[in-house]
Each structure stands twice: as C-alpha cells, then as structure tokens.
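A closer look at the structure
If you want the building blocks of each chain, they are given just below.
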Amino acid sequence: MPINRYRGPTRKLVLAIDVGTTYSGMAYALLDPGEVPMPYVLHRYPGQEHAASDAKVPSVMYYHPDGSVHSVGAETKRPGIAFEVRKKNLIFVEWFKIHLNPENMDRDAIMEKLPDVAKLPPNKTVVEVLGHFLSYLFSCARRFICETHGSGDTLWQSVEHQMDFVLSHPNGWGGLQQGKMRQAAVLGGLVPDTAAGHDRVHFVTEGEASLHFCIQSGLTTETLRDRKSVTIVDTGGGTVDISSYRFLSVSPTKIEEITAPDCLVQGSILVNVRATDHLKRILRNSPYGVEDEIQSMINYFDASTKPVFKDSKEASYIQFASVRANDPSVNIFCGQLMLSGEVMASFYQPCIDAIVDTVKVQRKGSKPYISTVFLVGGFASSPWLYSSLKLNLNKLGMTIYRPDTHTNKAVANGAVYFFLEHYVSARVMKMTYGTDINVTYEADNPEHKARSHLKIVRPSGRVALNDAFSTIIQKGTLVHENQEVSEEYFIETRDPGTLNSITADVMVYKGTTTIAPRWIDGCPELFTTLCTVSADTSQVPRRAIVRSTGTYYEQFFKLVLRCGLTEMKAQLSWMEKGVERRGPATIVYEPAVSR
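Residues numbered from 1 in each chain as written. Predicted model: local features only at pLDDT ≥ 70, side-chain atom pairs only at ≥ 80, totals over all residues. Heavy atoms only, no water.

Attention shifts here to the sheet that holds strand E7 (residues 91-94). Strand order in the open sheet made by the three strands is E6-E5-E7, with antiparallel pairing throughout. Strands with a single pairing partner mark the edges of an open sheet, and in this sheet they are strand E6 (69-72) and E7. Within this sheet the neighbouring strands show an average axis-to-axis angle of 25 degrees, counted without direction. One ladder, built from four bridges, connects strand E5 (residues 60-63) with E7; its direction is antiparallel. Bridged to tyrosine 62 within E7 is phenylalanine 92. Running over the sheet, helix H1 (residues 81-88) touches E5 and E6 and is turned about 160 degrees from E6. Packing of helix H3 (residues 126-148) onto the sheet brings it into contact with E5, E6 and E7, and relative to E5 it is tilted by some 110 degrees. (Pairing = 2+ DSSP bridges. Helix = DSSP H or I, 4+ residues; strand = E, 2+ residues; numbered from the N terminus. Axes fitted to C-alpha atoms, helices over the stretch in contact; angles between N-to-C directions. Contact = heavy atoms within 4.5 Å.)

Next up, the structure:
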C-alpha cells in the first residue's frame, strides 16, 4: 500500500515505541514536506551489537539500592553481570508493564502467583520505572539515528524539538493507563511537561497498530480489494489483543471496527507461569526443587524449550545442570528434565482456548462472517500456537495467516504507519460513558421511593436524588473519528462565585450489559471516574432566579466527548451571547451536576 506524501510545513520525526512485557521495539520515520516518508525499524541496541538484525530488546532493568538505574535491556545480560549483582546488591526488574494493567486484566492474580518476578524496586512507582525505560529507549533511538544516517548528528539536531511519539498499548488499556504513559514520557525526557509537549504524545492500541502493519506488508491486499473483513490476533508477552475490522473502500483506504476489541491476559509469559507451577509441584520432594534450580529451568524453558515445541506426541527437555544431576523419580537424567508432549501442550491450552472463543464471539458480530485471521506478535512464532489455532479455526471455516518474518516488530512498525495514514475511520465503544447526576424526585416512582431517605433539597427548592447515571454513549456504539457526542446539564447554587468554573466527571460503566443501570448505588463497583473535565466560565453570565426562599443561580453546559479516536478527548461547552464556547479538559475536584 503506497504511503502519501507528508503535507506538514516543517521537517519532523515520528518515533513509535512498543514497550512489551518481555521485549520492546521501536520504529521511526523522517517526515520532510512533500516527500514520501520511509519507516525504519531500530535493530541495534547496546549489548546486542552482535545480533545487528534483532529488532527487539529485553524489557528488563537493574537498579542500584539507592534507586538509580544500573543497566537496561541487553546490557543486563552482559558477561560478569552476576558478579556485579552480588557485589552491589542490584535489584532486577522485569514484567513491570503488568503494574499498569487495569484490575479487570488479572493484574493482581498474576503478581500474586509470581510476587518476586513482577515486583517494582523499593520506593518506585510504575510510572517512574516506565519513565526510566523510555529514557533508555529514547537514547537508543538517538544513537541509532546519529550512527546510521548520513550527517546523523545534524539530522537529529534538526528534529529534536520537532518530534512526535506514538506509544502503543494493549487493547484493554484506556485513559488512565494512557495518562500514566504520558507522565512517564515526561519523566523520561521525551517531551516537556507542557500542553504542547503532551500533545506530541499519541497512542494506538496494539491491535490497530498490527492492522496497519499487515496492510503495509501486503498481507491484506486481497481482503482489501474484495472489501471483506479480517481479524487481527496480536500475541505478545503479556497479552493477546484481538481486533476485527471491515474494509470499506480501497481508494482512499477506509476501515472500521466491527466489534469492540478484546484483550486477553494470555501472552507467552502465562505459559511460563503454568510451567513454573508444574515444576514446583512435581519437584517439591526433589533436591532440584529449590528456587534457584527452578529459575534456571524456567530460563532455559523460555529461551530454548518453548520456542521449538511443536508436537504433543514428542517429549521436550529442559537443560539446567551438569550431566551428574539425576533424579529418575521426576524424569531428570544427565542434567535434563523431560516433559511429556501432553504436559507441554497443557501450558498452552488456556491461551489457545481463550483466543478461539474470542474469535468466535467477534465473528458473530460481523456480517458476512469473518473468514480471515492474521496472527502477529512475538508469540506468533511458536509452532504449537500457530498449528493449534490453525486446526481450531479451520474447523470454523476460517483461514489463519502468519507473516514469515518480523512478527515481533509488527506493533512498532505499524504504529508509524498509524501516525502516517490513519486507515481506521470508526471504532466501537468498549464501555459505556456518562456522568453522575441528581434527578428530580418523583414520589410515585418505585425506584425513587426506595431511595426516599436520600432526598436532598436543591437551592431552587427542587427535591432531588443523587447517584443517578446519565449515559452519554453506550457500549458497542460505532463512532467515527471526528464524531462528537454530548449531553446538556446544569448547576444551581446560591453562591454565584461557584459558577466561575464548571466541572463534570466522565465516568465509565464496566459491566457486561450494553445498557448501564440508572443508579450507581446499586452496583458502585461497576462504575469508575475516568477523568474530570473543567472550564473557566467566569465571564459567562449566569441566570439569577428570585424565589420566596431567596435568590439562586443557574448555569447550563454540555459535556462533549470525542470517543472515535484512539485517545478519548473531553471538553465542556456553553453558550455565551448566542455563541458556543469551549474549554479544555483539566483534572479537578468536581461539584455535583444536575440534568
């Protein structure tokens, strides 16, 4: 698929960063006015210069006890590091990305199973750790560009203040996680902590980035030409992101989501988790069941045993000790532990089942049915995962394809194409958005009667009830990129000074039903505040109303959401002398609002 010429007024650089649970990657493009951008993938990182074609780097770090960073990425595996770890009491950090997962993504369950693996260094937040890692990646990008391009230093100087960043994240993340990623980008020195700096950080889901990669790799040519639909299964270290799209037109290329994308916590590390549980169980009475030995086994399993497993009828082996290590009771011979093919397959089965079940659900929402699946991501290189999914999906009349190379750089590469082209023009809402309001009390309404003890009297004398939920847009709604949705609300108060600014919560309903309950108090755990939007309305005339009980003031406004983007935008709007005014969103404490 040809890339359009860059139409911007000045040269800039776009850098896409895919921070994965186990491995990370980057891609970039130099944008010159009137020229066709050429994306590049970073394939050289400190500590792995010997593997110059490797497009990924381990998402790991060592910290000093004082909280400073000792080493990052492949440099944590250099010769002699074990000696330094013991001498300097270095703290190893991996899988830190899990700490950003929402609660509904089994974050606590995973960390409970592996408390020593997925823990943060003392007195560090996940934002700080991510900031340090982004700073490292940014320095790697600068070094790569300066060393690879002709007059690289001059090139970098020409774009260092004209640089946009695209950060990818799992389908299951939302505004809260994006906010923390933006904070980390500031801490890492990618952008300044200003409104303009924040605007240079963009987000894309891993599923949508993978779609752009598939399009530019030519994998979807026939699907696009025939205006069919496709499912993208992006299998990473921590999550599996599943997204389904409908191709609407070829020129210009227009694509829309069919259903809300899904995010499964069934990445390759979950295979390791199950393998660890199995080893601890079978070796509990063996002299080789100590923590260090099991960790050595898992390290070998991850690097050598898991990547080549392909047949449930063949045994697999884990090399962990010298040939003198033997324990026939647990199948340890000559320093190798033998695992049957059935046991190996059991480590993968929950992942396979979850993917197939989710593809089935997404397929039901498409007409005509989706028949094509693309498997990408680092975990896609697993022979057993691919063959098992192929067997199951073929039974459903679906065909699965897998790029023969570079599956591990799909997200970073696709994120650059996302920035350049934006093929997806409409997205399906994953949750129901709205706000909490108070409503006029109705004595003959059974739901109101049940809450009669919660009645309040507003300044106007109106009897009302709090904790009602006002839906702005429902889960499952297809929203175009620039489409706005809004609802009108009002505030009433006796103190006009409180109307110098207006604020409102944006809340999300996390339940499984499409229609949210009317009342928050019935299931408060299913509602959460996403953000609060506010605007300065000190110059907006307020309406004074005189009653026998005194004077009170009213102010009307609309809560406006743009949900069709990869990052939700919110504003408040109000009328001032017949003209609509708008204010930018900021995080504030909110007053009660009414409708």
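There's plenty left to go through after this.
Time to look at the packing of H3 against helix H4 (residues 152-159). Contact geometry for H3 and H4: axes closest at 7 Å, N-to-C directions at 130 degrees. Taken together, the axes of H3 and H4 lie oblique to each other. Across the interface between the two elements, Phe138, Ala141, Arg142, Ile145 and Cys146 of H3 pack against Gly152, Asp153, Leu155 and Trp156 of H4. Here the residues of the contact of H3 with H4 are counted per class, giving six nonpolar, one polar and two charged. (Parallel < 35°, antiparallel > 145°, perpendicular 65-115°, else oblique. Nonpolar A, V, L, I, M, F, W, Y, C, P; charged D, E, K, R; others polar.)

Here glutamate 128 is to be found in helix H3. Those residues within four positions of glutamate 128 in sequence are excluded, and the remaining contacts are Tyr63, Asn123 and Leu187.

Moving on: the side chain of serine 243. The topology assignment puts serine 243 in strand E11 (residues 240-249). Among the residues examined, serine 243 registers a relative accessible area of 1% and is labelled buried. There is a polar contact of 3.0 Å between the side chain of serine 243 and the side chain of asparagine 171. With residues near it in sequence (within four places) discarded, serine 243 still touches Asn171, Gly207, Val230, Thr231, Ile232, Pro261 and Gln362. (Buried < 20%, exposed > 50% of the residue type's maximum accessible area, 1.4 Å probe, protein only. Polar contact = N/O pair within 3.5 Å; in protein donor to acceptor, adjacent residues only side chain to side chain.)

Ile17, Met26 and Leu137 are the most contacted members of the largest nonpolar core, which totals 51 residues. Ranked by residue count, the leading element in this core is H3, at 13 residues. Split by domain, the residues of this core number at least three in each of domain 1 (12-205) and domain 3 (268-347). Among residues more than four places away in sequence, those in contact with leucine 137 are Ile17, Val19, Ser24, Met26, Tyr45 and Val57. Formed by 44 residues, the second largest nonpolar core is a distinct cluster that contains Tyr288, Ile318, Ile352 and Ala380. (Core = buried A, V, L, I, M, F, W, Y, C linked by side-chain atoms within 4.5 Å. Domains from an automatic or database assignment.)

Right, let's get into the packing of helix H9 (residues 268-282) against helix H10 (residues 291-308). Where H9 contacts H10, the two axes come as close as 10 Å, and the packing angle between them is 135 degrees. On the basis of the axis angle, H9 is oblique to H10. Crossing of H9 against H10: the hand is right-handed. Across the interface between the two elements, Ser268, Val271, Asn272, Ala275, Thr276, Leu279 and Lys280 of H9 pack against Ile294, Met297, Ile298, Phe301, Asp302 and Lys306 of H10. Counted by class, the contact of H9 with H10 contains seven nonpolar, three polar and three charged residues. (Left-handed = near helix turned anticlockwise from the far one by under 90°.)

Looking at the chain, pLDDT values average 89 and 94% of them are 70 or higher. pLDDT under 50 marks residues 587-595. Its contacts with residues more than four places away, or in other chains, come to 35 contacts. (pLDDT = per-residue confidence, 0-100.)

Turning to the domain arrangement of the chain, a few remarks are in order. One can read the domain layout of the chain as domain 1 (12-205), domain 2 (215-264 + 364-423), domain 3 (268-347) and domain 4 (431-588). Each of domain 1 and domain 4 has a C-alpha centre, and the two are 38 Å apart.

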